[in-house]
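# Structural overview for review
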Amino acid sequence: VQLVESGGGLVQAGGSLRLSCVASGGASSFYGFAWFRQPPGKERDFIAAINWSGDSTYYIDSVKGRFTISGDSAKRTVYLQMNSLKPEDTAVYYCAAVPYGSASRFQRFDSWGQGTQVTVSS
C-alpha cells in the first residue's frame, strides 16, 4: 500500500496540528496504522497506533492525552490530531501500515510514507 502524509507545518508551542495519511493501492482490505516520528539527529520512534478494525489504539506516554490517532476506513485515511504541542514534538512524522495490524508498539509495519515535517517553536 502507498501512503502519503500531509498536514505538517510550523506551529507555536501550545498549538495544534492534524496530520493525515492517505492509503492507496495494496492487496488487503484492512490495515493497521501507526505514526512514528524522527526528531533532528535522532532515530525514528513509534508514537501511536490504531488496529485494523479501528477499535483499539495505543500511545506512548509522552503523547498520551495530547495526541489522538483515528481512522476513516471509507476514505482509507488515518489521522493524528496533535494538541498542546511542545518544542520537543519537533520531528519528521511518518505514517506506517501493515495488513491486519494491531495497535501495538511491537507491531512490525511494512509500508511507509515519505514523512511530513512538524516544527514547534517556543
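Everything discussed here concerns the structure shown above.
Definitions and cut-offs
Residues numbered from 1 in each chain as written. Predicted model: local features only at pLDDT ≥ 70, side-chain atom pairs only at ≥ 80, totals over all residues. Heavy atoms only, no water. Phe/Tyr/Trp six-rings, centres within 6.5 Å; stacked < 30°, edge-to-face > 60°. Helix = DSSP H or I, 4+ residues; strand = E, 2+ residues; numbered from the N terminus. Lys NZ or Arg CZ within 6 Å of the ring centre and 35° of its normal. 1 Å grid on protein atoms, 1.4 Å probe; cavity = no way out; pocket = protein on both sides within 12 Å on 5 of 7 lines; lining within 4 Å. Points joined across faces, edges and corners; volume = space filled by probe spheres on them. Nonpolar A, V, L, I, M, F, W, Y, C, P; charged D, E, K, R; others polar. Buried < 20%, exposed > 50% of the residue type's maximum accessible area, 1.4 Å probe, protein only. Polar contact = N/O pair within 3.5 Å; in protein donor to acceptor, adjacent residues only side chain to side chain. Contact = heavy atoms within 4.5 Å. Pairing = 2+ DSSP bridges. Axes fitted to C-alpha atoms, helices over the stretch in contact; angles between N-to-C directions. Core = buried A, V, L, I, M, F, W, Y, C linked by side-chain atoms within 4.5 Å. Patch = residues over 30% accessible without salt bridge, like charges linked within 9 Å, V, L, I, M, F, W, Y side chains within 5 Å. Areas by Shrake-Rupley, 256 points an atom, 1.4 Å probe, with all protein chains shown as cover. Salt bridge = Lys/Arg side-chain N within 4 Å of Asp/Glu carboxyl O.

Counted by the stated rule, this structure contains eight aromatic pairs. Residues Phe30 and Tyr100 carry aromatic rings whose centres are separated by 6.0 Å and whose planes lie at 50 degrees to one another, so their mutual orientation is tilted. Within this pair, whereas Phe30 is found in the loop between β3 (17-24) and β4 (31-38), its partner Tyr100 is found in the loop between β9 (91-99) and β10 (111-112), the two being separated by 70 residues in sequence. By the ring-pair criterion, three or more aromatic residues cluster together here, those being Phe36, Phe46, Tyr58, Phe109 and Trp112. When the ring centre of Trp112 is taken as reference, the NZ or CZ atom of Arg44 above it lies at 3.9 Å.

Time to look at the layout of surface pockets. Considered as a void within the structure, the largest pocket measures approximately 280 Å³ in volume. Around the largest pocket sit 15 residues that line it, and Tyr31, Phe33, Trp52, Asp72 and Ser73 are the ones nearest its centre. At the level of secondary structure, the elements contributing two or more residues to the lining of the largest pocket comprise β4, β7 (67-72) and β8 (77-82). Among the residues forming the lining of the largest pocket, the class breakdown is six nonpolar, seven polar and two charged.

Before going further, it helps to spend a moment on the side chain of Thr77. With respect to the helices and strands, Thr77 occurs in strand β8. Thr77 sits in the buried class, given a relative accessible area of 8%. From its side chain, Thr77 meets the backbone oxygen of Lys75 in a polar contact 2.9 Å long. Among all residues touching Thr77, those that are not within four sequence positions of it are Ser20, Cys21, Val22, Ser70, Gly71 and Asp72.

With respect to the secondary-structure elements, Phe109 resides in the loop between β9 and β10. With a relative accessible area of 11%, Phe109 lands in the buried category. Along the sequence, Phe109 and Arg44 sit 65 residues apart, while their C-alpha atoms lie 13 Å from each other. Discounting residues that sit within four places of it in the chain, Phe109 has contacts with Gly32, Phe33, Ala34, Phe36, Ala96, Ala97 and Val98.

On to the sheet that holds β8, then. Remark on secondary structure: sheet strands pair via backbone hydrogen bonds, oriented parallel or antiparallel. A sheet is described by the order of its strands in space; here four strands give the open sequence β1-β3-β8-β7, paired in antiparallel fashion. A strand with exactly one partner marks an edge of an open sheet, and here the two such strands are β1 (2-6) and β7. Across the sheet, the mean angle from the axis of one strand to that of its neighbour is 15 degrees, orientation sign disregarded. Strand direction decides the pairing type here: β7 and β8, joined by six bridges, are antiparallel. By the bridge assignment, Ser70 is partnered in β8 with Tyr79.

Turning next to the nonpolar core. Of all hydrophobic cores here, the largest spans 37 residues; its most connected members are Phe33, Trp35, Leu80, Met82 and Tyr93. Those elements that place two or more of their residues in this core are β3, β4, β5 (45-50), β7, β8, β9 and β11 (116-121). Considering each element in turn, this core owes the most residues, seven residues, to β9. For Tyr93, the contacting residues outside a window of four places in its chain are Glu5, Leu19, Trp35, Phe36, Arg37, Ile47, Phe67, Leu80, Met82, Gly115, Thr116 and Val118.

The grouping of Phe30, Trp52 and Tyr100 at the surface amounts to a nonpolar patch, some 320 Å² of accessible area in total. Relative to the helices and strands, Trp52 resides in the loop between β5 and β6 (57-59). According to the relative accessible area criterion, Trp52 is partly exposed, its value standing at 37%.

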